[in-house]
Amino acid sequence: ALVLSACASGAAGSSETSDADENPYGLITPGQIRVASLGDAKPYTFTDESGEFTGFDVELFTDVAGRVGIDDVVFTGQDFSGLLAAVANGQFDVGVAAIGITDERKQTVDFSEGYLAGYLTVMGHPDAGIDDEDDLAGKRLGVVQGTLQEAYAVKNFTETELVRFPDNNAAISAVNSGSIDAHFLDYEAAKAYAEQYGLVNAIDIPSFDAPAGFAIAKGNTEFQAALNEALAAAMEDGTWKELYEKWFPGSPMPEQYLPSSEQGE
Ligand SMILES: NC(=O)CC[C@H](NC[C@@]1(O)OC[C@@H](O)[C@@H](O)[C@@H]1O)C(=O)O
C-alpha cells in the first residue's frame, strides 16, 4: 500500500508539474497560439489572395512566437471593436493588429512592449477639398469603431459628422461610393488604399504616444515576459528592421526599434 500510494501521489505530482511545463504561457491549446487579427489593414495585418494572413505585424509576431518556441500560430480575422474583449475573455491568446497601447486599453488587456510608432491618417478623394483639420468641418468622416481614430475624432473633429464602420473595407467602399468624404485609419493602410483607389492621404496625425503592442489577457505575466524578451531579440538582431523595410518601403524609420549599434547615430 505504501509503495502504491507513493507511486500514485508521485504520478499525480508529476502530472501537475508537467501541465505547468507543457503550458507555461497559459495557452488555450498548449503548443498553439491563437491570434485575433484583422483581414483588411494592409500592410500591417491582412489576408492575401490565397486567404493567408500576412503583413508586418503578422510576420513580426510569427517570428516572436518562434523565438518563444511556438511555431503553430493561427490567425483569425475580427472586427476591431470586439478584438480586445475577445483576448480578455480567453477566446484568443493574443491580439495582433497595430493595436496602440493606451492606459484605457490596459484596463481590459495587458500589452507587450511597443513595436511600431506612426501616424493616424485622414484620406479621401483628391477633390474632397480636405487639406487640414479645419477642412473637416461639415464633412462626413469614416472611423472604425473602437480605434484610436474614433477617440481622436470624437475629441477633436467636433464639427465633423462621424460615420462608424466595423472595418476598413466597409469604410473604403463608402468613400468610393461618395457616401462619406474621407476615412480615418492608420498611415500605412491609408497609403495602400490610396494607391489602390486613387485616393489621397490628406492629414497625418502623430500617434507616437500609443505605439502598437501585442495584446494579451491581464495577468499572464509569463507570456508577457517571454514575448518581450523575444521582441527585444528580434529588434536587436535586425529582424524588426528587415520586416519594416519589406512592408513599409520608403517610410521614415523610428529609431527606437533598431539594433542598439544603429541607434543614436
Ligand atoms: N488596426 C486598427 O484598425 C488599429 C487602429 C489604431 N492603430 C494605431 C496605431 O497603433 O497604429 C500603429 C502605429 O502607427 C501606432 O503609433 C498607432 O497608435 C488603434 O490602435 O486603434
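Residues numbered from 1 in each chain as written. Predicted model: local features only at pLDDT ≥ 70, side-chain atom pairs only at ≥ 80, totals over all residues. Heavy atoms only, no water.

## What to know about the overall build of the protein chain
Next up, step 1: Counting secondary structure elements, the protein chain contains eight helices and 13 strands.
Next up, step 2: In terms of overall dimensions, the protein chain has a C-alpha envelope of 85 × 40 × 35 Å along the principal axes.
Next up, step 3: Here the contacts in the protein chain between residues at least 6 apart in sequence split such that 68% fall between residues at least 24 apart.
Next up, step 4: Accessible surface, the protein chain: about 12500 Å² in total, of which carbon and sulfur atoms supply 49%. (Helix = DSSP H or I, 4+ residues; strand = E, 2+ residues; numbered from the N terminus. Contact = heavy atoms within 4.5 Å. Areas by Shrake-Rupley, 256 points an atom, 1.4 Å probe, with all protein chains shown as cover.)

## Focus on helix H8 (residues 239-247)
Next up, step 1: Listing the buried residues of H8 in full gives Thr239, Trp240, Leu243, Tyr244 and Trp247. Within H8, the buried residues cover an arc of 135° as seen down the axis, which keeps them to one side.
Next up, step 2: On its buried face, H8 sits against strand S3 (45-47), strand S4 (53-54), helix H2 (56-68) and helix H7 (221-236). (Buried < 20%, exposed > 50% of the residue type's maximum accessible area, 1.4 Å probe, protein only. Arc of directions from axis to C-beta.)

## Some remarks on the layout of surface pockets
Next up, step 1: Approximately 560 Å³ is the volume found for the largest pocket.
Next up, step 2: Looking at the lining of the largest pocket, the elements that each hand over two or more residues are strand S2 (40-41), strand S8 (119-124), helix H4 (148-156), strand S11 (182-186) and helix H6 (187-197).
Next up, step 3: By volume, the second largest pocket amounts to about 360 Å³.
Next up, step 4: Taken together, 18 residues line the second largest pocket, and the ones lying closest to its centre are Lys42, Pro43, Ala192, Tyr193 and Gln196.
Next up, step 5: Listing elements by their share of the lining of the second largest pocket, those giving two or more residues are S3, H6 and H8.
Next up, step 6: Ranked by residue count, the leading element in the lining of the second largest pocket is H6, at seven residues.
Next up, step 7: Considered class by class, the residues forming the lining of the second largest pocket number eight nonpolar, four polar and six charged. (1 Å grid on protein atoms, 1.4 Å probe; cavity = no way out; pocket = protein on both sides within 12 Å on 5 of 7 lines; lining within 4 Å. Points joined across faces, edges and corners; volume = space filled by probe spheres on them. Nonpolar A, V, L, I, M, F, W, Y, C, P; charged D, E, K, R; others polar.)

## Quick look at the sheet that holds S4
Next up, step 1: The sheet built from three strands is open, its strands ordered S2-S3-S4 with antiparallel pairing. Each edge of the open sheet carries a strand with a single partner, namely S2 and S4. (Pairing = 2+ DSSP bridges.)

## Remarks on the site of the ligand
Next up, step 1: Close to the ligand lie 19 residues; Gly100, Arg105, Leu148, Ser207 and Ala210 are nearest.
Next up, step 2: Here Gly100 contributes a backbone N or O atom positioned 2.8 Å from an oxygen atom of the ligand.
Next up, step 3: Backbone polar atom of Gly118 to an oxygen atom of the ligand: 2.9 Å apart, as the coordinates give it.
Next up, step 4: Out of a free accessible area of 480 Å², the ligand has 97% covered by protein chains.
Next up, step 5: The class makeup of the residues in the shell around the ligand is twelve nonpolar, five polar and two charged. (Near = heavy atom within 4 Å. Polar contact = N/O pair within 3.5 Å; in protein donor to acceptor, adjacent residues only side chain to side chain.)

## Side note on the sheet that holds strand S9 (residues 140-144)
Next up, step 1: If you trace the five strands from one edge of the open sheet to the other, you get S10-S9-S11-S8-S12, paired in mixed fashion. Either end of the sheet is taken by a strand with one partner, and the two such strands are strand S10 (161-165) and strand S12 (200-206). Going from strand to strand, the sheet's axes swing by 30° on average, the running direction of each strand aside.
Next up, step 2: With six bridges joining them, S8 and S12 adopt antiparallel strand pairing. (Axes fitted to C-alpha atoms, helices over the stretch in contact; angles between N-to-C directions.)

## What to know about the side chain of Arg105
Next up, step 1: As for its placement among the helices and strands, Arg105 is situated in the loop between strand S6 (94-95) and strand S7 (109-111).
Next up, step 2: The buried charged residue Arg105 lacks any salt bridge partner; its closest oppositely charged side chain belongs to Glu104, at an N-O distance of 6.5 Å.
Next up, step 3: Those residues in contact with Arg105, other than ones at most four positions away along the chain, are Phe80, Leu84, Ile99, Gly100, Phe111, Gly146, Thr147 and Leu148. (Lys, Arg positive; Asp, Glu negative; His and termini not counted. Salt bridge = Lys/Arg side-chain N within 4 Å of Asp/Glu carboxyl O.)

## Examining the packing of aromatic side chains
The relation between two aromatic rings is expressed through the spacing of the ring centres and the mutual angle of the planes.
Next up, step 1: Overall, the coordinates contain 19 aromatic pairs when judged by the stated rule.
Next up, step 2: Between Tyr44 and Phe248 the ring centres are 5.6 Å apart and the planes differ by 55°, which places this aromatic pair in the tilted class. Of this pair, Tyr44 sits in the loop between S2 and S3 while Phe248 sits in the segment after H8, placing them 204 residues apart in sequence.
Next up, step 3: You can call Tyr44 buried: its relative accessible area is 6%.
Next up, step 4: For Phe248, a relative accessible area of 2% puts it in the buried group.
Next up, step 5: Taking the centre distance of 5.0 Å and the plane angle of 25° together, the rings of Trp240 and Tyr244 count as stacked. Of the two residues, Trp240 and Tyr244 both sit in helix H8, four residues apart, roughly one turn of that helix.
Next up, step 6: Here Trp240 falls in the buried class, since its relative accessible area comes to 0%.
Next up, step 7: Feature note: the residues Tyr44, Phe56, Phe61, Tyr115, Phe214, Trp240, Tyr244, Phe248 and Tyr257 constitute an aromatic cluster, connected by ring pairs. (Phe/Tyr/Trp six-rings, centres within 6.5 Å; stacked < 30°, edge-to-face > 60°.)

## Concerning the confidence of the model for the protein chain
Next up, step 1: The predicted model of the protein chain averages 93 in pLDDT, with 92% of residues at 70 or higher.
Next up, step 2: Taken over the whole predicted complex, pTM reads 0.92, whereas the ipTM for its chain interfaces reads 0.99. (pLDDT = per-residue confidence, 0-100.)

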